[in-house]
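# Report on the structure
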Amino acid sequence: MKDLLKEILKSIKTDISTLIRLKSQPSLFILHSLFFILTLLPLSVSAQQVEWNVDALGFFDNSEGDHTLRPTQTLAGMNVSPEVGLSWNNRQHAIMGGANLITRWGSDEDALKAKALVYYQYQSPHFHFLIGNFMRDKLLSDYPEYLLADTIRYYRPVVQGMAWQYLADNGHFEAFLDWTSAISKKHREQFMAGISTKFHFQHFLIGAEGYYYHYARRQNSPIDEHIHDYLITHPFIGLHYDQWAFLDQLEIRGGLLASLDRERNMEHGKYTPIGFLGELQASRKNLQLKETVYAGANMQHFGSSHLGQYYWGDTYTQAPFYSRTDLQYRFINNSFVNVYAGVIVNATRYGINHHQVITLRLNLGSKNFKPIMLK
């Protein structure tokens, strides 16, 4: 028994040394971390259970009208994410594996894209922790469009990194890391580190959300290729009512929207725009209205062509005044299926752009094990 314990400790020491060496290689670091956790399972696992989950998103999003800040296009496709794994200790711990499959209607090139889902998940009444490749919908916050544009939600739904979440009766705090690209001769090293927090005190609410995006150089890159830093944050205060007049829910909030937009080693390469962003959200039965208004400086100084590089938010915040109106009707709304249709109207000084949207969201899984929350 003594020799066995020595071998186990020796193996753990070797794994820890390997993890330290792999810190600069995120994908290998995450993968080896999961294998390290698996080696410890026999020491602590009790009451193992097989878990499974299937999440599907079907979307049709057609935009028309002004295309000064964003091209008019039709985004349509299906996103399916089957998962299977083991949980133990009353589902407090879980190791899950699967794949995220995306198909874009009418596209012959890259008609079906697949990305592995492999992650460890810890859940307690007040703390959650995830590490690995997991769906973005496992984050607590439904990050709004000025932080994550609709195209990012549809076609880049996997987080490759980790998330730490604190849940209280009156709110939450969340921090996450998403390593979006590893460095190579062809690709820049890129990652996003974000936070979201929101707490209620009776009807009063306070919170903040935002992220830092690091867009580094490639290996052996030319001297005129620069590192780009982008930091955006939105602290806010507001009011929330579950019942107000004839409405089932009403929330009004507003605050600063500020960013640091910097191209390193460039003269006049640093910008710190500030503006005001306000939101109103109201619902009555299956009908929901959301109004977002922005007024201020250009939040994306280097232009719309960098969307999906170091800009991940809606390009309309480049306008000095911007209004977005979302009107949505939910035909089916329960813990397993959401089906809704809606219209989105974006208005700037350049003109009006409008979307027609139909979305189906399906979530099936093991009893009492719902790793993806419907938004």
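Bear in mind that the values here come from a model prediction, so they are computed numbers and not experimental data.

Take the overall build of the protein next. For the protein, the count of helices and strands is three helices and 17 strands. A total of 375 residues make up the protein; the buried ones form 46% of that total. Put simply, 57% of the contacts in the protein that link residues at least 6 apart link residues at least 24 apart. Total accessible area on the protein is roughly 19100 Å²; 62% of this is exposed by carbon and sulfur atoms.

Ranked by size, the top nonpolar core spans 32 residues in total, and within it Tyr211 and Tyr213 carry the most contacts. If you list the elements that add at least two residues to this core, you get β3 (93–104), β5 (127–135), β6 (158–168), β9 (204–215) and β10 (228–241). With three residues, β9 is the single largest residue contributor to this core. If you look at the next biggest cluster of nonpolar residues, it comprises six residues, including Leu57, Phe59, Tyr154 and Val357.

The subject of this paragraph is a nonpolar patch on the surface. Together, Ile252, Leu280, Leu287, Leu289, Leu327, Tyr329, Phe331, Ile332 and Val343 line one region of the surface with nonpolar side chains, adding up to about 740 Å² of accessible area. Those elements giving two or more residues to the nonpolar patch turn out to be β14 (287–296) and β15 (321–333). Considering every element that reaches the nonpolar patch, the biggest residue donor is β15, with four residues. Checked against the element boundaries, Tyr329 lands in strand β15.

Okay, the layout of surface pockets next. Size it by volume and the second largest pocket reaches roughly 730 Å³. Lining the second largest pocket are 27 residues, with Ile102, Lys113, Thr151, Tyr155 and Arg156 positioned closest to its centre. Mapped by element, the contributors of at least two residues to the lining of the second largest pocket are β3, β4 (112–123), α3 (150–155), β6 and β7 (171–181). Here the residues of the lining of the second largest pocket are counted per class, giving ten nonpolar, eight polar and nine charged.

Criteria and cut-off values
Residues numbered from 1 in each chain as written. Predicted model: local features only at pLDDT ≥ 70, side-chain atom pairs only at ≥ 80, totals over all residues. Heavy atoms only, no water. Helix = DSSP H or I, 4+ residues; strand = E, 2+ residues; numbered from the N terminus. Buried < 20%, exposed > 50% of the residue type's maximum accessible area, 1.4 Å probe, protein only. Contact = heavy atoms within 4.5 Å. Areas by Shrake-Rupley, 256 points an atom, 1.4 Å probe, with all protein chains shown as cover. Core = buried A, V, L, I, M, F, W, Y, C linked by side-chain atoms within 4.5 Å. Patch = residues over 30% accessible without salt bridge, like charges linked within 9 Å, V, L, I, M, F, W, Y side chains within 5 Å. Salt bridge = Lys/Arg side-chain N within 4 Å of Asp/Glu carboxyl O. 1 Å grid on protein atoms, 1.4 Å probe; cavity = no way out; pocket = protein on both sides within 12 Å on 5 of 7 lines; lining within 4 Å. Points joined across faces, edges and corners; volume = space filled by probe spheres on them. Nonpolar A, V, L, I, M, F, W, Y, C, P; charged D, E, K, R; others polar.

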